[in-house]
Amino acid sequence: MLQTLPALTDPLLYSRGDPHAVWRTLRRESPVSWHEYGEHGGYWAVTTHAAGLEVLTDWERFTSTKGIFLRPNFKDPYPGAGKMMALSDPPRHDRLRKAIMGLFTVRAVSRMEERTRKVVREALHGVVEAGRCDFVKDIAARIPLAVSAELLSISMDDVEMLAKVTTDAAENSTDIDGIDAQEAHFEILRHYSSIIEEKRRNPGRDLVSALTSAQAEGLDITDDEVILTCDNVIVAANETTRQAVGAGMLALLESPGQWRGLRDGDLRLKPAAEEFLRWTAPVTHILRTAQHDTVLEGVRIRAGDAVTVWLPSLNRDEKVFDRADSFLLDRTSNHHVSFGGGGHFCIGANLARLTIRVLLDELAHLPAEIEVSGEPQRIGSYILGGLTSLPLTFRPS
Ligand code: HEM
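Turning our eyes to something else, we now look at the overall build of the chain. For the chain, the helix and strand inventory stands at 16 helices and 14 strands. Relative to its length of 397 residues, the chain is compact, with a C-alpha radius of gyration of 21 Å against a globular reference of 21 Å. Reported as C-alpha extents along the three principal axes, the dimensions of the chain are approximately 60 × 55 × 40 Å. Here the chain holds 397 residues, and the buried ones make up 54% of them. Considering only contacts within the chain whose residues lie at least 6 apart along the sequence, 69% involve residues at least 24 apart.

Following this line, the structure appears as structure tokens:
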């Protein structure tokens, strides 16, 4: 039976197929299953909530230091492995995380609410005035970029450039406004070198300052790693939030009852934001590598094996979620894993939650009727799930 299923690494499964049907079968028949792939044999796919969390919360058995996403040659050394925060285990991981954690607490993030609201409101009112938009490009991509500009102390000009670079990366084209995407990306990295110097002289409440201060206090991190960490945060923050916002908006418009409930003020924003996150689960899988021979759900795993956890599948696990395949904004018990689990639990979760909550609040009060006006396009990727395009029309109400 499992041999007849489409491969989890086939991009077409995500752009045109039904990955949830595949995950449902895997959950039922083989929660820890072996899949052939790439140059090194294959990988284990973990699809249930319990087994997935067992992997994510036990770094002594399942390490992040060999990479966190599958690649065809995933056993080859990965740049930054063992060094970058996302690619390290304790104790290095704890030290890196502690250095920047202060920027992401509920209290620190709540200082960004006003700015986030202003950005969201302006973006929404702009598209209402225009009467139409591509929600992914004009709203979902812009909001997290503007928010992270503040977090990373980069200017809005750089944010504009970044918006183009990240959109380009998502769509796999090679040229944007005459600038090669990679070159534009390097430009941003070069820009950080100059702000590192500036922040050493005048530290502020931003990511670069947090890292350079920790460096001055003895944290073993080079300037290059500071730059890479900033870059990682930009990508981690923007790609994911954009997908949660874009795909969540489509789910909302496809569920008229939920949409009405939100607009009538019958739904609380916090649980609604959590359901947005459960439903969209933008990070499709996370990779870990077995540190030694072990057993997971009765299945023998060997040292060095790649073990992947499929987060959207965990979020639809019937054993954990009532009516798992329904989008219910008033869901009260919602143990979704869209932010992962264990020591690498998304450090930006509070910021992402704030962004989605503010967006829902502003949408609820938007004086316009909104309709889907063209075919939404889904991303063909087994790493990041969501939409590349969501055409909408707005009619003042
Ligand atoms: C809806 C939005 C988001 C989703 C779904 C998401 C998802 C995730 C997931 C699943 C992980 C765990 C990776 C692993 O276990 O290896 C993670 C880690 C991370 N996320 Fe997010 N993320 C989001 C927003 C953000 C934002 C807004 C930021 C920063 C401003 C951010 C920064 C990071 C960083 C730096 C890590 C690595 C943490 C560590 O290794 O300790 N993310 N994210």
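The next subject is the sheet that holds strand β14 (residues 391-396). The strand order across the open sheet built from three strands is β4-β14-β11, with neighbouring strands paired in antiparallel fashion. Whereas interior strands pair on both sides, the edge strands pair on one side only; in this sheet they are β4 (132-134) and β11 (368-372). Ignoring strand direction, the axes of neighbouring strands in this sheet form an average angle of 25°. Bridging between β11 and β14 involves five bridges; their strand directions are antiparallel. Counted as the bridge partner of Ile370 is Phe394 from β14. The strands touched by helix α6 (residues 113-130) are β4, β11 and β14; relative to β4, the strand with the most contacts, the crossing angle is about 125°. Contacts from helix α12 (residues 223-253) reach β11 and β14 within the one sheet, and its direction differs from that of β11 by about 100°.

Per the stated rule, a full pass over the model turns up 24 salt bridges. For Glu362, the salt bridge identified is with Arg117, shortest N-O distance 2.8 Å. Here the residue Glu362 occupies a position in helix α16 (residues 349-364), and Arg117 occupies one in helix α6, the gap between them amounting to 245 residues. Just as Glu362 is buried, Arg117 falls in that class too. Among the ionic contacts, a cluster of salt bridges with common partners joins Glu113, Arg117, Arg121, Asp361 and Glu362.

This part covers the site of the ligand. What surrounds the ligand is a group of 29 residues, the closest being His93, Arg97, Arg288, His344 and Cys346. Between the ligand and the protein, one listed contact pairs an oxygen atom with a side-chain N or O atom of Arg288 at 2.7 Å. Contact between the ligand and His344: an oxygen atom at 2.6 Å from a side-chain N or O atom of the residue. Only α4 (92-101), α12, β7 (285-290) and α16 provide two or more residues apiece to the shell around the ligand.

Right, let's get into the environment of Leu366. Of note, Leu366 is situated in the loop between α16 and β11. Classification of Leu366 as buried rests on a relative accessible area of 3%. Taking the C-alpha atoms as reference points, Leu366 and Arg95, 271 residues apart in sequence, are found 43 Å from one another.

Before going further, it helps to spend a moment on the confidence of the model for the chain. With 91% of its residues at a pLDDT of 70 or more, the chain shows a mean pLDDT of 89. Confidence over residues 172-179 falls short of pLDDT 50; this stretch has 13 contacts with residues more than four positions distant or in other chains.

Across five bridges, the pairing between strand β1 (residues 32-36) and strand β2 (residues 42-46) is antiparallel. Bridging across to β2, Val32 finds its partner in Val46.

The rules behind these values
- Along each chain, numbering runs from 1 in the same order as the chain's sequence is written.
- Confidence filtering applies because this is a predicted model: local features only for residues at pLDDT of at least 70, side-chain atom pairs given and counted only at 80 or more, and all residues used for totals across whole chains, interfaces and linings.
- Side-chain metrics rest on all non-hydrogen atoms present in the structure, leaving aside hydrogens and water.
- The numbering of helices and of strands both runs from the N terminus, where a helix is a DSSP run of H or I of at least 4 residues and a strand a run of E of at least 2.
- Atoms counted for the radius of gyration: C-alpha only. Globule rule: 2.2 Å times the number of residues to the power 0.38.
- Partly exposed residues are those whose accessible area sits between 20% and 50% of the maximum for their type, while under 20% is buried and over 50% is exposed, using a 1.4 Å probe and protein chains only.
- For this analysis, residues touch if any pair of their heavy atoms sits within 4.5 Å.
- DSSP-based pairing: two strands are paired if at least 2 bridges between them are found.
- Note on geometry: axes are C-alpha line fits, over the in-contact stretch for helices, and angles between N-to-C directions span 0 to 180 degrees.
- The term salt bridge refers to a side-chain nitrogen of Lys or Arg lying within 4 Å of a carboxyl oxygen of Asp or Glu.
- By convention in this text, a residue qualifies as near a molecule or strand provided that one of its non-hydrogen atoms is within 4 Å of it.
- Polar contact is defined as a pair of N or O atoms within 3.5 Å, subject to the rule that within protein one atom must be able to donate a hydrogen and the other to accept it, and that residues adjacent in sequence are counted only when both atoms are side-chain atoms.
- By definition, pLDDT measures how confident the predictor is in each residue, and it falls between 0 and 100.

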